[in-house]
Amino acid sequence: MKLAILGTRGIPANYGGFETFAEQLSVRLVQKGHDVTVYCRKSNYDYNTLGNHYRGVKLVVLPAIRNKYLDTVSHTFFSIVHSLTQKFDAILVCNSVNSSFVFLPRMVGTRVAINVDGLEWQRAKWNKLGQIVYRVSEWLATLFADVIVTDAIMIQKYYRKKFGKDSVFIPYGSTVKPVQSNQALKKYGLKPRDYILYVSRFEPENNPLLVVKAFEKTKTSKKLVMVGDAPYNADYIREVKSTKDPRIIFTGYVFGDDYAELQSNAYLYIQATEVGGTHPALLEGMGFGNCVLANDVPEHREVVGNTGFYFRKDIEDLSQKIQYLTSLSEDEIEKYRAMAKERINRYYTWDAVVNQYNALFEQLAQNKNPLKR
């Protein structure tokens, strides 16, 4: 099949979960023999050096309007227009905010699936207008796409309840093989199993400030490694990084081998997000063999089950949970690490996820209804 993925910043991944997803999915679809194109933002990478292919995936690099509110939708619009002449069998659009454009490929006979992600209108970074746009976009997705893909059961239930619209549930995936190198640990002055890891964009609903404040109150020799950043909201990021606790290390964005190494050697992984569907970093934390401490929200319960621990969105509660977990024996922590890996192996491997998308694209290319698979 001739397939395209658009709506992300592009590959190789160097920003967030959608980019990691696009890389894993596109590369593995190419390995299955498909012709796959990923649309990339010109500002995201030095594509003059990278070229127009990445691990067998074709890259189409297009501009975007560099603005918090227009970056994603402008690039998607340019990508959609370009796709109209490419005769793709099927297109996967990422992010519900891009739904207003998906009727265009369908007008030229291209089938379209849209991965709507989480409930973006809940994010604090959007003003009232932004929230309205996302709410309207959710509705448009139910009208304009051939099929909606949801990455969490709770999001699937939301679309069914609010819009009466069924969707195909396909979660994100994770690797399940820890790495053995120590170059990243040396770079940040870390020792294996001697640090707690947080990974997310530094946005209010991801609660990096809560994690920092809670950790400051703990009595432990272990360090806290904060992986992430954000392109906007400089005042909030400045507040997060204003800690004077020498145990807290800010790495900025980390991807590739260094990221896998940090995940593979952590003592504990904290998932503090409260908005969205299935969070890729949480799956990776489990897949790389971490004991997980997660914000107690339904989407995290869905992923973690009984293989980890939970905290309330409260500095005192999170601090107490960190203190408790850092006092456990290594054998007790190791038991939860093994349970987490087993859960990923059972439900969330990339091979299983890609097989589901492959079946979805086959249904679309054959003009069949994927909801009747």
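Nothing here was measured: the structure is a model prediction, and the numbers come from that model.

## Section: the overall build of the protein chain
- Tallying secondary structure elements over the protein chain gives 15 helices and 14 strands in all.
- In summary, the protein chain has a C-alpha radius of gyration of 20 Å against a globular reference of 21 Å for 373 residues, a match within 12%.
- The dimensions of the protein chain, computed from C-alpha atoms along their principal axes, are 60 × 45 × 40 Å.
- Across the 373 residues in the protein chain, those meeting the buried criterion constitute 58%.

## Describing the pairing of strand S2 (residues 35-41)
- For S2, the tally of buried residues reaches 6 of 7 residues, placing the bulk of the element in the interior.
- Sheet topology note: the strand S1 (residues 2-6)/S2 ladder contains 4 bridges and is parallel. Within S2, the position partnered with lysine 2 by the bridge is aspartate 35.
- In terms of handedness, the path from S1 via helix H1 (residues 17-31) over to S2 forms a crossover that is right-handed.
- Relative to strand S4 (residues 57-62), S2 runs parallel, the two being bridged by 5 bridges. Within the sheet, the bridge partner assigned to arginine 41 lies in S4 and is leucine 62.

## As for helix H3 (residues 71-83)
- The terminal C-alpha atoms of H3 lie 18 Å apart, and with 13 residues this matches the ideal 18 Å at 1.5 Å per residue to within 8%.
- If you check which residues of H3 are buried, you get Asp71, Thr72, Val73, Ser74, His75, Thr76, Ser79, Ile80 and Ser83.
- Where H3 is buried, its residues meet S1, S2, S4, strand S5 (90-94) and helix H4 (103-107).

## Points about the packing of aromatic side chains
- A complete count under the given rule lists 18 aromatic pairs for this structure.
- Seen in terms of ring centroids, tyrosine 158 and phenylalanine 163 are 6.4 Å apart; in terms of plane orientation they differ by 85 degrees. Their pairing is edge-to-face.
- Residue tyrosine 158 is classed as buried on the basis of its relative accessible area, which comes to 17%.
- A cation over an aromatic ring shows up here: lysine 2 above the ring of phenylalanine 88, its NZ or CZ 5.5 Å from the ring centre.
- One cation-aromatic arrangement involves arginine 301 over tyrosine 310; the distance from NZ or CZ to the ring centre is 3.8 Å.

## Overview of the environment of tyrosine 47
- With respect to the secondary-structure elements, tyrosine 47 resides in helix H2 (residues 47-50).
- Looking at tyrosine 47, the relative accessible area reads 8%, which means it is buried.
- Separated by 112 residues in the primary sequence, tyrosine 47 and tyrosine 159 place their C-alpha atoms 37 Å from one another.
- Apart from the residues lying within four places of it in its own chain, the contact partners of tyrosine 47 are Arg9, Gly10, Ile11, Cys40, Arg41, Lys42, Leu59 and Val61.

## Considerations on the sheet that holds strand S8 (residues 168-169)
- The 8 strands lie next to each other as S3-S4-S2-S1-S5-S6-S7-S8, forming an open sheet whose pairing is mixed. The sheet is open, and its two borders are formed by strand S3 (53-54) and S8, each paired with just one other strand.
- By the bridge criterion, 5 bridges tie S5 to strand S6 (residues 111-115) in an arrangement that is parallel. In the strand pairing of S6, leucine 92 is matched with alanine 113.

## Concerning the environment of glycine 285
- Assignment of secondary structure puts glycine 285 in helix H11 (residues 280-287).
- Through-space distance from the C-alpha of glycine 285 to that of tryptophan 350 is 14 Å; in sequence the pair is 65 residues apart.

## Quick word on the packing of helix H8 (residues 208-216) against helix H13 (residues 315-326)
- Where H8 contacts H13, the axes come no closer than 8 Å and their chain directions differ by 60 degrees. As the angle between them shows, H8 and H13 are arranged oblique. Classified by chirality, the crossing of H13 by H8 is right-handed. When H8 is examined against H13, the residues Leu210, Val211, Lys213, Ala214 and Phe215 are found in contact with a partner set consisting of Ile315, Leu318, Ser319 and Ile322.

## Points about the nonpolar core
- Counting 60 residues, the largest nonpolar core has Phe21, Leu92, Leu197, Leu262, Tyr357 and Leu360 as its most contacted members.
- Residues Leu224, Met226, Ile248 and Ile270 belong to the second largest nonpolar core, which totals 30 residues.

## Side note on the side chain of asparagine 115
- Among the secondary structure elements, asparagine 115 is positioned in strand S6.
- Look at asparagine 115 and you get buried, because its relative accessible area is 0%.
- A distance of 3.0 Å separates the side chain of asparagine 115 from the backbone nitrogen of aspartate 117, its partner in a polar contact.
- Those residues within four positions of asparagine 115 in sequence are excluded, and the remaining contacts are Phe18, Phe21, Leu92, Val93, Cys94, Asn95, Ser96, Val149, Asp151, Tyr172 and Tyr357.

## Here we look at helix H6 (residues 153-163)
- Among the residues of H6, Ile155, Gln156, Tyr158 and Tyr159 are the ones counted as buried. On an axial view of H6, the arc spanned by its buried residues comes to 155 degrees, and they lie on one face. Facing away from the buried side of H6 by more than 90 degrees, the exposed set consists of Lys157 and Lys161.
- Within two residues after H6, glycine 164 carries a phi angle of roughly 65 degrees, on the positive side.

## Some remarks on the pattern of salt bridges
- Under the counting rule described, the total for this entry stands at 22 salt bridges.
- Two residues, glutamate 23 and arginine 55, come together in a salt bridge whose shortest N-O distance is 3.8 Å. With glutamate 23 in helix H1 and arginine 55 in the loop between S3 and S4, this residue pair connects regions lying 32 residues apart in the sequence.
- Among the residues examined, glutamate 23 registers a relative accessible area of 14% and is labelled buried.
- Here lysine 335 and glutamate 332 are joined by a salt bridge, their closest N and O atoms 3.4 Å apart. Remark: glutamate 332 and lysine 335 occur in helix H14 (residues 330-347); sequence separation between them is 3 residues, near one turn of the helix.

Calculation rules
- Residues numbered from 1 in each chain as written.
- Predicted model: local features only at pLDDT ≥ 70, side-chain atom pairs only at ≥ 80, totals over all residues.
- Heavy atoms only, no water.
- Helix = DSSP H or I, 4+ residues; strand = E, 2+ residues; numbered from the N terminus.
- Rg over C-alpha atoms; globule rule 2.2 N^0.38 Å.
- Buried < 20%, exposed > 50% of the residue type's maximum accessible area, 1.4 Å probe, protein only.
- Pairing = 2+ DSSP bridges.
- Right-handed = clockwise from strand over helix to strand, strands pointing away.
- Expected span 1.5 Å × (residues − 1).
- Contact = heavy atoms within 4.5 Å.
- Phe/Tyr/Trp six-rings, centres within 6.5 Å; stacked < 30°, edge-to-face > 60°.
- Lys NZ or Arg CZ within 6 Å of the ring centre and 35° of its normal.
- Axes fitted to C-alpha atoms, helices over the stretch in contact; angles between N-to-C directions.
- Parallel < 35°, antiparallel > 145°, perpendicular 65-115°, else oblique.
- Left-handed = near helix turned anticlockwise from the far one by under 90°.
- Core = buried A, V, L, I, M, F, W, Y, C linked by side-chain atoms within 4.5 Å.
- Polar contact = N/O pair within 3.5 Å; in protein donor to acceptor, adjacent residues only side chain to side chain.
- Arc of directions from axis to C-beta.
- Salt bridge = Lys/Arg side-chain N within 4 Å of Asp/Glu carboxyl O.

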